[in-house]
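Residue-level listing of the chains:
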Amino acid sequence: MVIYLGIYKFVGCFGSGVLVNYFQSVFTQQINPLIDGIATRLLPWTILQDLVANEQGILTLGMRYVITIILPITTTFFLIFSILEESGYLPRISLLIDHLFKMIGLSGRSIIPLILGLNCSSAGSLVTRTMESKRERFIISLLLALAIPCSAQLGIFIGLLSQNFMALIVWAICIAFIFAIIGSLTAKALPGSWSYFYMEIPPLRLPHLRSTLTKTYNRIRWYLSEVIPLFLLGSVIIWLGNLIGLLPWLVHSLEPIMLKLELPKQASSMFIYGFFRRDYGAARMFDLHHAGLLEGRQLVVSAVTLTLFIPCLSQFRFMLRERGLKTTITLSSLVIIFAFSMGYILNKILLVLEVI
């Protein structure tokens, strides 16, 4: 019920579907043309117009992503998360999953940073310091970097893939399978033993409305304070990249990989955007889908590859601080190779099976 009603229906269908489509239509049909017109009148140089307006401007791209895509999805996700937290359900998840997590060398306590990673992988990486052993901290950091989508990614993927239920099932099975296999292999490869897990279980209770809304508001405020500067910075970097020719060169460099994955060459931009922020890359994927460039099998391959793709700059910074330079570079390098390899293999499997 939590997964279906809370995540799929409320976050995926309502947040990523109804709310995002409404805000997108308002922004693209009314606000963006207004911003373009004001920029044309006030700024005589095309270069400056492109910085704040037009296709990839700070306001028309960066703020559009924040307001129309990220805000509705994260708001609905944080609301569901606060309800689960207030009800006393999260500690029960820890105990219920403890035995299952022993298979990948973790205890039920590990579910806390992993669930926080669904909010933002940076927060999940920060909480890994509460784990008892270096072994657990490494495994969780790897799983956060590899197989845990942030709330915006999760909402966008569910919203887009739910148009074809089989596509959603394939994505979910792939991520769950990779999570289990990588966790299990890493646990066997690293020395160390399981840690014991004890927890006091609070009583189940009806969530308090005021407390739930306060937590949701505080999380949204924190998330926006993190994401808005990075999205605006990303827009400036994209503008500079176009200006000096670096971004077209990067896009062109990734085109052979996109061809191997049988994706349109424009798809390389969502991986470049995803390096700045995971949700930035997911928002770009949303745009490519609505432009008719990503459909069916391509959408599933893109979603799986983008989920597994390199951690964003924010998570990279937290990993660097918590795990050190050597571990961070090693994990990131492995993740890049693994992500594109899995995308290639999945594409070939789906071609053979013809399920999508």
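Structure's up top.
Every chain begins its residue count from 1, and numbering advances along the sequence as written. Residue-level local features of this predicted model are given only where pLDDT is at least 70; pairs of side-chain atoms are given and counted only at 80 or more, and the full residue set underlies all totals for whole chains, interfaces and linings. Side-chain numbers come from the whole structure's heavy atoms, not from hydrogens or water.

Colleague: Pulling in residues and values, what's your account of the overall build of the chain?
Modeller: From N to C terminus, the chain includes 16 helices and zero strands. We take the radius of gyration over the C-alpha atoms and set the globule estimate at 2.2 Å times the residue count to the 0.38 power. Against the compact-globule benchmark of 21 Å for 356 residues, the chain has a radius of gyration of 20 Å, which places it among compact chains. Along the first, second and third principal axes, the C-alpha atoms of the chain reach 65 × 50 × 40 Å. Accessibility here uses a 1.4 Å probe with only protein chains present; expressed as a share of the type maximum, an area under 20% marks a residue as buried, one over 50% as exposed, and anything in between as partly exposed. Burial status across the chain gives 53% buried among its 356 residues. When checking whether two residues touch, look at their non-hydrogen atoms; a contact exists if any pair is within 4.5 Å. Once local pairs closer than 6 in sequence are excluded, the contacts in the chain between residues at least 24 apart make up 78%. Only the protein chains shown count as cover for residues, and all accessible areas are computed by the Shrake-Rupley method using a 1.4 Å probe. In the structure as shown, the chain presents an accessible area of about 16,600 Å², 70% of it carried by carbon and sulfur atoms. Counted as positive: Lys and Arg. Counted as negative: Asp and Glu. His and the chain ends are not counted at all. By convention, the point assigned to a charge is CZ for Arg, NZ for Lys, CD for Glu and CG for Asp. Averaging the positions of the 27 positive and the 17 negative side-chain charges in the chain gives two centres separated by 6 Å. Each helix is a run of DSSP H or I of at least 4 residues and each strand a run of E of at least 2, with the numbering of both proceeding from the N terminus.

Colleague: Which residues make up the packing of aromatic side chains, and what values do they have?
Modeller: To pair, rings of Phe, Tyr and Trp, with the six-membered ring standing in for Trp, must have centres within 6.5 Å; the planes then decide the type, stacked if under 30 degrees apart, edge-to-face if over 60, and tilted in the middle. Per the counting criterion, the structure on display carries 16 aromatic pairs. With centroids separated by 5.7 Å and ring planes inclined at 20°, the aromatic side chains of phenylalanine 10 and phenylalanine 14 adopt a geometry described as stacked. One end of the pair is phenylalanine 10 and the other is phenylalanine 14, both in helix 1 (residues 2-42) and four residues apart, which spans about a single turn. Note on phenylalanine 10: relative accessible area 26%, which makes it partly exposed. Consider the rings of phenylalanine 101 and phenylalanine 179, whose centres lie 6.2 Å apart with planes at 40°: the pair is tilted. With phenylalanine 101 in helix 4 (residues 89-101) and phenylalanine 179 in helix 9 (residues 165-189), this residue pair connects regions lying 78 residues apart in the sequence. Three or more aromatic residues joined by ring pairs make a cluster, and in this case those are Phe77, Phe78, Phe81, Trp222 and Tyr223.

Colleague: How would you explain a nonpolar patch on the surface if you had to name every residue and give the values?
Modeller: Patch rule: a residue counts if its relative accessible area is over 30% and it has no salt bridge; like charges are joined within 9 Å, and nonpolar side chains (Val, Leu, Ile, Met, Phe, Trp, Tyr) within 5 Å. Every case where a carboxyl oxygen of Asp or Glu lies within 4 Å of a side-chain nitrogen of Lys or Arg is listed as a salt bridge. On the surface, Phe165, Met166, Ile169, Ile173, Tyr344, Ile345, Ile349, Val352, Leu353 and Val355 cluster together into a nonpolar patch covering about 930 Å² of accessible area. At five residues, helix 16 (residues 325-353) tops the list of elements feeding residues into the nonpolar patch.

Colleague: So what's going on with the packing of helix 5 (residues 111-119) against helix 7 (residues 134-147)? Which residues, and what values?
Modeller: One way to put it is that helix 5 packs onto helix 7 with a least axis distance of 10 Å and a crossing angle of 25°. Between helix 5 and helix 7, the angle falls in the class roughly parallel. As for the relative orientation of helix 5 and helix 7, their crossing is right-handed in sense. In contact with Pro113, Leu114 and Gly117 of helix 5, helix 7 contributes Ile140, Leu143 and Leu144. Polarity classes work like this: nonpolar for Ala, Val, Leu, Ile, Met, Phe, Trp, Tyr, Cys and Pro, charged for Asp, Glu, Lys and Arg, and polar for all others, with Gly in that last group. For the contact of helix 5 with helix 7, a count of residues per class yields five nonpolar, one polar and no charged. Working convention: axes come from line fits to C-alpha atoms, limited for helices to the stretch in contact. Angles between N-to-C directions cover 0 to 180 degrees. Roughly parallel means an angle under 35 degrees; roughly antiparallel, over 145; roughly perpendicular, 65 to 115; everything else is oblique. A crossing counts as left-handed when the near helix is turned anticlockwise from the far one by less than a right angle, and as right-handed when that turn is clockwise.

Colleague: Describe the pattern of salt bridges, listing the residues and the values that go with them.
Modeller: On inspection of all chains with the given rule, the structure shows seven salt bridges. Of the charged contacts in the structure, one is a salt bridge between glutamate 86 and lysine 215, with a shortest N-O distance of 2.9 Å. Pair noted here: glutamate 86 is in helix 3 (residues 58-87) and lysine 215 is in helix 10 (residues 209-244), with a separation of 129 residues, a long-range link. Owing to a relative accessible area of 8%, glutamate 86 belongs among the buried residues under this scheme. Classification of lysine 215 by relative accessible area gives partly exposed; the value is 26%. For glutamate 262, the salt bridge goes to arginine 297, with nearest N and O atoms at 3.6 Å. Here glutamate 262 is found in the loop between helix 11 (246-260) and helix 12 (268-276), whereas its partner arginine 297 is found in helix 14 (residues 296-308), with 35 residues between them in sequence. A residue is classified by how much of its surface remains accessible, and glutamate 262, at 30% relative accessible area, is partly exposed. One salt-bridge network, in which partners are shared between bridges, spans Glu85, Glu86, Lys215 and Arg219.

Colleague: Go over unusual backbone geometry, please, and point to the residues and values.
Modeller: Positive phi, close to 65°, is recorded for asparagine 54, a residue that is not glycine. Among the structural elements, asparagine 54 can be located in the loop between helix 2 (46-52) and helix 3. Overall, asparagine 54 belongs to the partly exposed group, its relative accessible area being 29%. Notably, glutamate 262 is not glycine yet its phi reads approximately 60°, a positive angle.

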